[in-house]
Amino acid sequence: IAYHPDLEQLTAAPLTYDLEADLLLFAKTFQSVLARNRDLILILLNSSSSEWHVEFEQELLFFPQEMKNLLGNYFTQMQQKGLLPPGSVEPQVLAFISMNFGYFFSRTRFGEKIFTVSEEDFLCNSVKTFSKGLST
């Protein structure tokens, strides 16, 4: 099993500096990468970290670390442009990534037994709410 997500869509896409539009792109790409690697992620969830090989762990960490870096840089740029209030970006990045992981894991584990909202509806509404929260 190979795990090395292609984040070219995020790094190649021009940022609009419209918070909601850009975060929606981040969220859709995030969900797409998770969906493409669903089987591997499920295997990892069912194994202990002591069973992972060091090299494999580094590969596994690439995606969340890269997302953290991309989002952190984006939020910092938005602050520098005066489009977001100043503050620590790491908690904002953690909240956004956690929101997306949470949706993926709940849908992967429980399907529609808990939440019946579509991925598109979830992403549009959660990004809208998140964007409004960051902007205040």
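Everything below is about the structure printed above this text.
The structure reproduced in this document is the subject of the present report.

1. Considerations on the packing of helix 2 (residues 19-36) against helix 6 (residues 119-135)
Packed helices, taken two at a time, are described by the angle between their axes plus the distance between the axes.
Piece 1. Relative to each other, helix 2 and helix 6 sit at 135°, their axes nearing to 9 Å. The pairing of helix 2 with helix 6 is recorded here as oblique in orientation. With respect to the hand of their crossing, helix 2 and helix 6 are arranged in right-handed fashion. Residue-level inspection shows Leu19, Glu20, Leu23, Leu24, Ala27, Lys28 and Gln31 of helix 2 in contact with helix 6, the latter providing Glu119, Glu120, Leu123, Cys124, Val127, Lys128, Phe130, Ser131, Leu134 and Ser135.
Piece 2. Taken together, the residues that form the contact of helix 2 with helix 6 break down as nine nonpolar, three polar and five charged.

2. Quick look at helix 5 (residues 89-110)
Since the α-helix advances by 3.6 residues per turn, residues separated by three or four positions end up pointing in the same direction.
Piece 1. The first and last C-alpha atoms of helix 5 sit 31 Å apart over 22 residues, in line with the 32 Å expected at 1.5 Å per residue.
Piece 2. When helix 5 is considered as a whole, its buried residues turn out to be Val89, Gln92, Val93, Phe96, Ile97, Asn100, Tyr103, Phe104 and Ser106.
Piece 3. In the stretch just after helix 5, glycine 111 is the one whose phi turns positive, near 60°.

3. Remarks on helix 2
Piece 1. If you check helix 2, its first and last C-alpha atoms are 26 Å apart, about what 18 residues at 1.5 Å a residue would give, namely 26 Å.
Piece 2. Looking only at helix 2, the buried set comprises Leu19, Asp22, Leu23, Phe26, Ala27, Thr29, Phe30, Gln31, Val33 and Leu34.
Piece 3. The opening residue of helix 2, the one whose side-chain oxygen lies 3.2 Å from the backbone nitrogen of glutamate 20, is aspartate 18.

4. Brief notes about the side chain of glutamine 92
Piece 1. Mapped onto the elements, glutamine 92 comes out in helix 5.
Piece 2. With relative accessibility at 16%, the residue glutamine 92 sits in the buried group.
Piece 3. Sequence-distant contacts of glutamine 92, that is, excluding residues within four places in its chain, are made with Phe75, Gln79, Phe130 and Leu134.

5. Observations concerning a nonpolar patch on the surface
Piece 1. On the surface, a cluster of nonpolar side chains totalling about 290 Å² of accessible area is made up of Phe110, Ile114 and Phe115.
Piece 2. Position of phenylalanine 115 relative to the elements: it lies in the loop between helix 5 and helix 6.
Piece 3. Taking the relative accessible area as the measure of exposure, phenylalanine 115 reaches 44% and is therefore partly exposed.

6. Digging into the packing of aromatic side chains
Piece 1. For the structure on display, the rule yields eight aromatic pairs.
Piece 2. With centroids separated by 5.6 Å and ring planes inclined at 55°, the aromatic side chains of phenylalanine 26 and tyrosine 74 adopt a geometry described as tilted. Residue phenylalanine 26 is found in helix 2, and its partner tyrosine 74 is found in helix 4 (residues 54-80); the two are separated by 48 residues along the sequence. Across the pair, tyrosine 74 and phenylalanine 26 agree in class, each one buried.
Piece 3. Three or more aromatic residues link up through ring pairs in this structure, and these residues are Tyr17, Phe26, Tyr74 and Phe75.
Piece 4. Its guanidinium or amino end placed over the ring of tyrosine 17, lysine 81 lies 4.6 Å from that ring's centre, counting from NZ or CZ.

7. Section: the nonpolar core
Piece 1. Counting 27 residues, the largest nonpolar core has Leu19, Leu23, Phe26, Leu71, Phe75 and Phe96 as the members making the most contacts within it.
Piece 2. Those elements giving two or more residues to this core turn out to be helix 2, helix 4, helix 5 and helix 6.

8. Quick notes on the pattern of salt bridges
Piece 1. Enumeration according to the criterion identifies four salt bridges in this entry.
Piece 2. Glutamate 20 serves as the salt-bridge partner of lysine 128, at 3.8 Å between the closest nitrogen and oxygen. One end of the pair, lysine 128, is in helix 6; the other, glutamate 20, is in helix 2, and 108 residues separate them in sequence.
Piece 3. A salt bridge links glutamate 112 to arginine 107; its shortest N-O distance comes to 3.5 Å.
Piece 4. For glutamate 112, a relative accessible area of 51% gives the class exposed.

Reading guide: rules and limits
- Residues numbered from 1 in each chain as written.
- Predicted model: local features only at pLDDT ≥ 70, side-chain atom pairs only at ≥ 80, totals over all residues.
- Heavy atoms only, no water.
- Axes fitted to C-alpha atoms, helices over the stretch in contact; angles between N-to-C directions.
- Helix = DSSP H or I, 4+ residues; strand = E, 2+ residues; numbered from the N terminus.
- Parallel < 35°, antiparallel > 145°, perpendicular 65-115°, else oblique.
- Left-handed = near helix turned anticlockwise from the far one by under 90°.
- Contact = heavy atoms within 4.5 Å.
- Nonpolar A, V, L, I, M, F, W, Y, C, P; charged D, E, K, R; others polar.
- Expected span 1.5 Å × (residues − 1).
- Buried < 20%, exposed > 50% of the residue type's maximum accessible area, 1.4 Å probe, protein only.
- Polar contact = N/O pair within 3.5 Å; in protein donor to acceptor, adjacent residues only side chain to side chain.
- Patch = residues over 30% accessible without salt bridge, like charges linked within 9 Å, V, L, I, M, F, W, Y side chains within 5 Å.
- Areas by Shrake-Rupley, 256 points an atom, 1.4 Å probe, with all protein chains shown as cover.
- Salt bridge = Lys/Arg side-chain N within 4 Å of Asp/Glu carboxyl O.
- Phe/Tyr/Trp six-rings, centres within 6.5 Å; stacked < 30°, edge-to-face > 60°.
- Lys NZ or Arg CZ within 6 Å of the ring centre and 35° of its normal.
- Core = buried A, V, L, I, M, F, W, Y, C linked by side-chain atoms within 4.5 Å.

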